[in-house]
Each structure stands twice: as structure tokens, then as C-alpha cells.
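Notes for the structure review
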Amino acid sequence: MYAIIDLETTGGQPTQDRITEIAIFIHDGDKVVDSFSTLLNPGRPIPFYIQQLTGITDEMVKEAPRFHEVAKKVVQMTEGCVFVAHNVRFDYSFLKKEFADLGYTYSRKTLCTVRLSRSLIPGQPSYSLGKLCANIGIELHNRHRAAGDAEATAILFDRLLKISQEADAPGYEEAAATDKLMAVDAAAPMGNRPALKKPTARKVAAVQQAIKTALLPPLITPEKVASLPQEAGVYYFHDEHGEVIYVGKSINIYKRIQQHFAVDYKSRKSLDFKNSIADITWELTGSELVALLHESSEIKRLKPHYNRAQRRSVFPAGIYMRVDENGYKRLYYGRADANNQEIPIIALGNQFKAKGFLYHKVAKYNLCQKLCDLYKTSSSCFDYQVHRCKGACIGLEPVEDYNRRVDEAVESITYEHQSFVIIGEGRRAGERSVVVVEHGRYLGFGYIDETFTARRMEAFKDVIKAQVDNKDVQQIIRQYMRTKHKDKVKVFA
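Structure report, in brief.

Notes on the pattern of salt bridges
Opposite charge on two side chains lets them pair, provided their charged atoms get close. Tallied over the full model, the rule gives 23 salt bridges. Its salt-bridge partner being D101, residue R18 comes within 3.2 Å of it at the nearest N-O pair. Taken together, the positions of R18 in the loop between strand 1 (2-9) and strand 2 (19-27) and D101 in helix 4 (residues 88-101) put the pair 83 residues apart, joining distant regions of the chain. Taking the relative accessible area as the measure of exposure, R18 reaches 17% and is therefore buried.

Here's what the structure looks like:
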């Protein structure tokens, strides 16, 4: 049994929006045997643009039942059924959220008619419900109303089931998509489908495969996912034109991408992202650190549409140091974006965190609040007044004494060594990865044979591919060095 469902909502995010209309058509594998539809009062105003799209107004839903009043009927009608919808994650996510708000866990197997259509009717110019129905001759009445869209989806689903059955006939595999549909329609010209004594193996396999892969993007096959490596590296999502739309990294590419696809997407934007994925490629790195560094570099180079938050910097604030006219070393916090070319001593998530971090260092190393730009005054800082500052703010503390404590504070947040090589896992047996930092600057990464030996930094510099040093990679390396890793660190004076 199949429950073919369509919803109209106040927007695209289940966590914020509500259902305004629901329609359910129950299909027994041969024909529609039951149906139900109703407007629902979402308990909030319907945005004007949604009213324009669906034709459902606040006045229309004013006296309509609330979701909790029809929840029992929805459960009873769909019990034991596969949840079918055109772009199933959208409708399924909304229903799950509505039930969750009532304290009930709603769970059904799902099947997406977008995916099933791509499998059984390949080559269509579009698989949106309206355009697909127009292309294959299904009349769609009351577009963007739940009953109209659900009825069209039910007819589409019925045809897909019959196509999968007809495909078992000799020579049918060679027929064009339109010929397949014509053969189906010819078998029942008035729309009365012939009774099926027993589902064919092709029919069962097609439906089971669609259920199994309902979580996958419509353009990604199970075979593609099965081919993903269970190794560390960087992966790329491409759209239908081959453009990279997302870059990610993981120590296990296969598992990470499975996690991507297992997410119950909550917004239209997230669904658009998932539905845009047409291909997956990857680069193995062997090393987790190299994966982190390469991902950061690739996002800045390719500027993928769905990596917007990481195109520039994931650490937009930082701690800096300058020397004033009196020779005092002064720590301060500030922006760490494209407008500030100076590399910070440490990069942080935002200026609030940077300010708090600096306050902590001031207290720990007995630094001057005024010289760290944390206390605006033309005279002594507050800490001097309560005897916590030694008077650097008014020139009383010797420069050498104060600067020594500043250096201690800086050493606590910078690399333990200024020049070093991190030697980690390679991409294959007998290979090692190398990450090179010289004089506190990241130079790049590369790979060496495990028999490679070197005593000089220059030898390692010869085997790496040069990379851009910036605040993000500096922070990535610092954080990685603080973790419990198994990499070897070779230090150079």
C-alpha cells in the first residue's frame, strides 16, 4: 500500500512554518482506493507571496481544523503504507515536525516520484511536477493545491508502476520513454487500469530500489555512493553542468557523504542543494591535516555556491601585536577579514571571542589593559589603580620587563617551534604526507616515499606544492597540533 501525499505550507522550513493544506491518496499497487484532503489552520498569517502562489488565504483557513484535529486520521490512513511524494523529503519533513510538536514520532518508509521518474522515464527536460506532467500528458488541475498536486502525483505513480511492469515484456527495454507511456495508456485507454494478479519482479525491484534510495539526491545513483572511498580526503559535489557547488573533507569520505544524504532537510534551500547534486568526485589526502588544509584552500579557490560561509574566512577575528612609539609591545584584537592583510597571532570565531581571549591573557600574564586596547583612557588603566598593573600604561614599568611577559603570552598561543615539518599518513602504502611550516609561515604540503630521509628544511621544501599562508590555515595547524595525533613532527632550528 502507498500513501501519496502533498502538502501546502506557509513557507519552506518545517522548523518555522506550518501546513495549510493536506491531501492523501491511498494506492493499493493497482488503483487509488481512498482519499482525503482538507485545509488546515496554521495558527499564523500566511505570507502574501504564498497566498499568491497557492491561492490559499487567511480567510480560507480561518475556520479550518488545526493539525492536531486531523492527526489521528493521517496516522490511520498511512499506517502500513509507503509514504510517496514528489520530492518526498519536503512533505515528509513537515509531517514529522507537526507530529513531533504533538509528542508523537511519525515514521514511514519513503518513496520519491522524482527519483522513480528519473529511473523509469529518463531524458525528460524537467522533473518538476508541473513540467513533467505536461511533458507526458497528465492533466494537472489546481496546481499548488494539495489535492490537485496529490492527484497528479497519484496518476504519475500509477503510470510508473505500469511502466515497470510493461518493461518485463520482450523488446521493451529498447522502447523510448514516450513509447513506454503510450503502451501503458493503450492498455487502459479510458484510464481504467487492468487488474494485476501479481507484481512483476521488475515492478517490485523498481519500487524497492526507489524506497532504498529515497534519501539520495535524485541525480546520484547507489552505485556512485558505493564507489566512494572509505579514506581521508576532500570531496566535491557537482551540478548537472559539472560546476563544483560544494567542497567538504573527512577522514572517511564514504561515511561523511552518507551523513550528508541521511539528513532530514528542513528548508527549501537545503532541498535545492541536495537536488542539485549530480556528481561526486574526490581527492585522497591520506592525512587528516592535509584534508583540512586542502579543503580550506579549495573553497577559497573555487568559491562553491553552497560553501558561502567559508569562502572568505571561518575565523573573522584575531589577536595582533604592534610596537608603540615607546617600545612597548601591544597586543590588541581586531577584524581578520580580507580588508586586513596582516596575519594575526591567533584567529578566532568573532570579535567577542577575541576580546574575551585577550582579557584572559591580560589576567594570566599581568599585562596592561590600556596597552591591550581593553581600557580607553589618557592616564593609567583601572588595573594600575587596584595594583594589578605595574604601570606600563604610564611608562613606569621598564619596557624590557613588560615585553618579556608579552612574549610569554604570545608563545602560549603560537607554534611551539617556528620551523617544523609534520609527517603523516600518505594516500597509499609506502607513502607519507608532509606539511611544512618555516619561520612561522605555512608553505604547503606534499608527499614523500617512506624511505625519504632529509636533515635540512630545503629538502622538504622541494617536495611540496606551494600554498597560500593565511589566518585560516594557521589556525587549522595550531588546533591540529593541540590534538592527540599520531603524526611525526620534525623540528628545525
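Further notes follow.
Quick notes on the sheet that holds strand 3 (residues 32-39)
The strand order 3-2-1-4-5 describes an open sheet built from five strands, whose pairing is mixed. Whereas interior strands pair on both sides, the edge strands pair on one side only; in this sheet they are strand 3 and strand 5 (110-112). The mean angle between the axes of side-by-side strands here comes to 25°, regardless of whether they run parallel or antiparallel. Looking at chain direction, strand 2 and strand 3 are connected through seven bridges and run antiparallel. Bridge assignment links I26 to a residue of strand 3, and that residue is D34. Set on the sheet, helix 5 (residues 113-120) makes contact with strand 4 (82-85) and strand 5; between it and strand 5 the angle comes to about 50°.

Focus: the sheet that holds strand 14 (residues 441-449)
Through backbone hydrogen bonds, the strands of a sheet pair up, either in parallel or in antiparallel fashion. Spatial strand order, 15-14-13-12-16: five strands in an open sheet with antiparallel pairing. Edge positions in the sheet fall to strand 15 (464-466) and strand 16 (488-492), since each has one partner strand and no second. Adjacent strand axes in the sheet meet at a mean angle of 25° when their direction is disregarded. Across five bridges, the pairing between strand 12 (residues 419-425) and strand 16 is antiparallel. Residue V421 lies in a different strand from strand 16, and its bridge partner there is K490.

Quick word on the state of the cysteines
In the structure shown here, the tally under the stated rule is zero disulfides. Of the cysteine sulfurs around C372, a residue in no disulfide, the closest is that of C368, at 6.9 Å. Of the cysteine sulfurs around C393, a residue in no disulfide, the closest is that of C381, at 3.9 Å. Judged by relative accessible area, which is 9%, C393 ranks as buried.

Side note on the packing of helix 13 (residues 288-302) against helix 18 (residues 471-482)
Closest axis-to-axis distance for the helix 13/helix 18 pair is 10 Å, and the angle between their directions is 165°. Between helix 13 and helix 18, the angle is such that the two are roughly antiparallel. Judged by the twist between their axes, the crossing of helix 13 over helix 18 is right-handed. On helix 18, the residues touching E288, L289, L292, L293, S296 and K300 of helix 13 are D472, V473, I476, I477 and Y480. Class assignment for the residues of the contact of helix 13 with helix 18 results in seven nonpolar, one polar and three charged.

Considering the pairing of strand 12
On any regular strand, side chains alternate: one points to one face of the sheet, the next to the other face. Extensive coverage of strand 12 is indicated by the burial of six of its seven residues. Strand direction decides the pairing type here: strand 12 and strand 13 (residues 431-438), joined by six bridges, are antiparallel. Bridging across to strand 13, F420 finds its partner in V437. In textbook terms, the turn of a hairpin is the stretch between consecutive antiparallel strands, and for strand 12 and strand 13 this stretch comprises five residues, one of which, G430, has a positive phi near 85°.

How each quantity is defined
- Residues numbered from 1 in each chain as written.
- Predicted model: local features only at pLDDT ≥ 70, side-chain atom pairs only at ≥ 80, totals over all residues.
- Heavy atoms only, no water.
- Salt bridge = Lys/Arg side-chain N within 4 Å of Asp/Glu carboxyl O.
- Helix = DSSP H or I, 4+ residues; strand = E, 2+ residues; numbered from the N terminus.
- Buried < 20%, exposed > 50% of the residue type's maximum accessible area, 1.4 Å probe, protein only.
- Pairing = 2+ DSSP bridges.
- Axes fitted to C-alpha atoms, helices over the stretch in contact; angles between N-to-C directions.
- Contact = heavy atoms within 4.5 Å.
- Disulfide = S-S within 2.5 Å.
- Parallel < 35°, antiparallel > 145°, perpendicular 65-115°, else oblique.
- Left-handed = near helix turned anticlockwise from the far one by under 90°.
- Nonpolar A, V, L, I, M, F, W, Y, C, P; charged D, E, K, R; others polar.

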